[in-house]
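Observations on chain architecture
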Amino acid sequence: KIVSIKGREILDSRGNPTVECVVRLSGGDVGRAAVPSGASTGQFEAHELRDGDSSRYGGKGVLAAVQNITKTIAPALYGMDGANIRAIDRALVELDGTENKRGLGANATLGVSLACARAACRALGLPLYRYLGGVRADTLPVPMMNILNGGAHASNNVDIQEFMIMPVGAASFSEGLRWCAQVYHSLGSLLRARGLSTGVGDEGGFAPDLSSDSEAIELIIEAVEGAGFEMHTDFMLALDAAASEWTAEYGYRLPKLGRSYDTDSLIAYWQDLLGRYPICSLEDPLGEEDFIGWASLTEKLGSKAMLVGDDLFVTNTERLRQGIELRAGNAILIKVNQIGTLSESLDAIEMAKKAGFRTIISHRSGETEDTTIADLAVAVNAGYIKTGAPCRSERVAKYNQLLRIEEQLGCSARYGG
Ligand code: PGA
Ligand code: ZN
């Protein structure tokens, strides 16, 4: 039984306030969780409640969300079974009473939802992944590791937000993680040798100024090979264009380069890039309102690559249903704060799997030391995880948790994707 729920304002990895929540159960078990925050947020995401009081944190304070936890949510949830996450989340949705959680704030509801799950797994004496996933939870995700940052996550001149490596040929998660770290260091040496910046972006990837997307990709391939690996067999590449950030009055405009595209020419650009490089996943290659363009892109490239809807689907089953019906995309990025409860995230994952869509559990560019997404990835056998570079502890914390889980699973651990 839930006996106390407390919210507090803490800082995320960009030094902005975010919500932390602590739930206590009658048996004395306590669960704590922190909420992440995006920069290139989709317009259809659940509402992140910020105070707007410019005298604190430039208006980004979350005291109102914290107050919603302590004054509104806590009294309504007292006495409920802390392990019945479905019932708790349903109560949160009803209490909020809006389409997009603007009533209480998705940062308030998610904090409570995750903290309840953490308290419940403690009370039951189970690791979080086991509590959420049951006996079927056995698959460690393939990291889609972002080692070169651009877009809204870096102040360099690169428009594509994320350049990722995927250790598809590794035998285990821990081996894949080691390979990635070695490639990350190899890329660092390469950049240093060329006199390019080795400063990092919000997700820990390097963020040098470069002449083109091709230069970024070729540097990464050189780093992979320089570390002694082979493209295709050991590693594949993945990109997140975050193209909703490029939406212009007509079509698309890359803000840094200043180049414009319409949907067809942008699709042609991706076709060309996928023809030239070993890229097996393309996230948000088109904007969040361009379902028609997505359908056309999926028809052309759907058999060659994962076409991942992030801003397009926003972990929302209504939008995912549209995507499935229109054959727009073939994979979904899952970000728990895009929808605001754990149960609704699980619903999106289930719907995606039933439709044959791949699932990728993801961090946000603003993160904390909370490692829930690592457990979630194993719980649902997602197959893939996006949690940044092996640099910046809020990213590494998730990888380290996956190492612990792999060790716990022992010989039953599988490596997914
Ligand atoms: P965000 O970026 O957390 O800033 O939205 C992550 C992503 O686009 O995948
Ligand atoms: Zn994205």
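The name given to the protein in an unreviewed UniProt entry is Enolase, with the source organism recorded as Harryflintia acetispora. Under the Pathway (unreviewed entry) heading, UniProt states for the protein: "Carbohydrate degradation; glycolysis; pyruvate from D-glyceraldehyde 3-phosphate: step 4/5." UniProt, in the comment section headed Sequence similarities (unreviewed entry), describes the protein in these words: "Belongs to the enolase family."

**As for the overall build of the protein**
In terms of regular secondary structure, the protein is built from 13 helices and 16 strands. A globule of 417 residues ought to have a C-alpha radius of gyration of about 22 Å, and the protein, at 21 Å, matches this closely. Counting only residues that meet the buried cut, the protein has 59% of its 417 residues in that class. Within the protein, counting contacts between residues at least 6 apart in sequence, those at least 24 apart form 70% of the total. Summed over all atoms, the accessible surface of the protein reaches about 15800 Å², with 47% contributed by carbon and sulfur. Between the mean site of the 41 positive side-chain charges and the mean site of the 53 negative ones, the protein shows a separation of 5 Å.

**Focus: the site of ligand 1**
Near ligand 1, the surroundings consist of 15 residues, among which Ala 39, His 153, Arg 364, Ser 365 and Lys 386 are the closest. Between ligand 1 and Arg 364, the relevant distance is 2.7 Å, taken from an oxygen atom to a side-chain nitrogen or oxygen of the residue. Relative to its unbound accessible surface of 280 Å², ligand 1 loses 100% to contact with the protein. Looking at the shell around ligand 1 residue by residue, the classes come out as two nonpolar, five polar and eight charged.

**A few points about the confidence of the model for the protein**
Here the protein shows a mean pLDDT of 97. Residues at 70 or above account for 100%. Per the prediction output, this complex has pTM 0.98; the corresponding ipTM is 0.99.

**Quick look at the sheet that holds strand 12 (residues 306–309)**
Reading across from one edge, 5-15-14-13-12-11-8-7-6 is the order of the nine strands in this open sheet, with mixed pairing throughout. Two strands lie at the open edges of the sheet, namely strand 5 (142–143) and strand 6 (145–149), each paired on one side alone. One ladder, built from three bridges, connects strand 11 (residues 279–283) with strand 12; its direction is parallel. Opposite Ser 281, over in strand 12, you have Met 306 as the bridge partner. Contacts between helix 6 (residues 213–226) and the sheet are confined to strand 6, strand 7 (162–166), strand 8 (236–240) and strand 11, with strand 7 contributing the most and set at about 25° to the helix.

**Brief notes about helix 11 (residues 342–354)**
When the terminal C-alpha atoms of helix 11 are compared, their 19 Å separation across 13 residues agrees well with the 18 Å that a helix rising 1.5 Å per residue should span. Looking only at helix 11, the buried set comprises Leu 342, Ser 343, Ser 345, Leu 346, Ala 348, Ile 349, Met 351 and Ala 352. Gly 356 sits one or two positions beyond helix 11 and adopts a positive phi of about 80°.

**Remarks on the sheet that holds strand 3 (residues 30–34)**
As a general point, the strands of a sheet are linked pairwise by backbone hydrogen bonds and lie either parallel or antiparallel. A sheet is described by the order of its strands in space; here three strands give the open sequence 1-2-3, paired in antiparallel fashion. Across the chains shown, the open sheet's two edge strands, defined by having one partner strand only, are strand 1 (2–11) and strand 3. Each strand axis lies, on average, 15° off the axis of its neighbour in the sheet, ignoring direction. Pairing of strand 2 (residues 17–25) with strand 3, which is carried by five bridges, proceeds in the antiparallel orientation.

**Here we look at the packing of helix 1 (residues 63–77) against helix 2 (residues 85–96)**
How two helices pack is summed up by the angle between their axes together with the distance between the axes. Relative orientation of the contacting elements helix 1 and helix 2 amounts to 135°, with a least axis distance of 11 Å. With respect to their mutual orientation, helix 1 and helix 2 come out oblique. As helix 1 runs across helix 2, the sense of the crossing is right-handed. Where helix 1 abuts helix 2, its residues Thr 72, Ile 73, Ala 76 and Leu 77 lie against Ile 88, Ala 91, Leu 92 and Leu 95. Classifying every residue of the contact of helix 1 with helix 2 by side-chain character gives seven nonpolar, one polar and no charged.

Thresholds applied
- Residues numbered from 1 in each chain as written.
- Chains lettered and ligands numbered in written order.
- Predicted model: local features only at pLDDT ≥ 70, side-chain atom pairs only at ≥ 80, totals over all residues.
- Heavy atoms only, no water.
- UniProt positions renumbered as here; feature names shortened; annotations may be inferred.
- Helix = DSSP H or I, 4+ residues; strand = E, 2+ residues; numbered from the N terminus.
- Rg over C-alpha atoms; globule rule 2.2 N^0.38 Å.
- Buried < 20%, exposed > 50% of the residue type's maximum accessible area, 1.4 Å probe, protein only.
- Contact = heavy atoms within 4.5 Å.
- Areas by Shrake-Rupley, 256 points an atom, 1.4 Å probe, with all protein chains shown as cover.
- Lys, Arg positive; Asp, Glu negative; His and termini not counted.
- Charge placed at Lys NZ, Arg CZ, Asp CG, Glu CD.
- Near = heavy atom within 4 Å.
- Polar contact = N/O pair within 3.5 Å; in protein donor to acceptor, adjacent residues only side chain to side chain.
- Nonpolar A, V, L, I, M, F, W, Y, C, P; charged D, E, K, R; others polar.
- pLDDT = per-residue confidence, 0-100.
- Pairing = 2+ DSSP bridges.
- Axes fitted to C-alpha atoms, helices over the stretch in contact; angles between N-to-C directions.
- Expected span 1.5 Å × (residues − 1).
- Parallel < 35°, antiparallel > 145°, perpendicular 65-115°, else oblique.
- Left-handed = near helix turned anticlockwise from the far one by under 90°.

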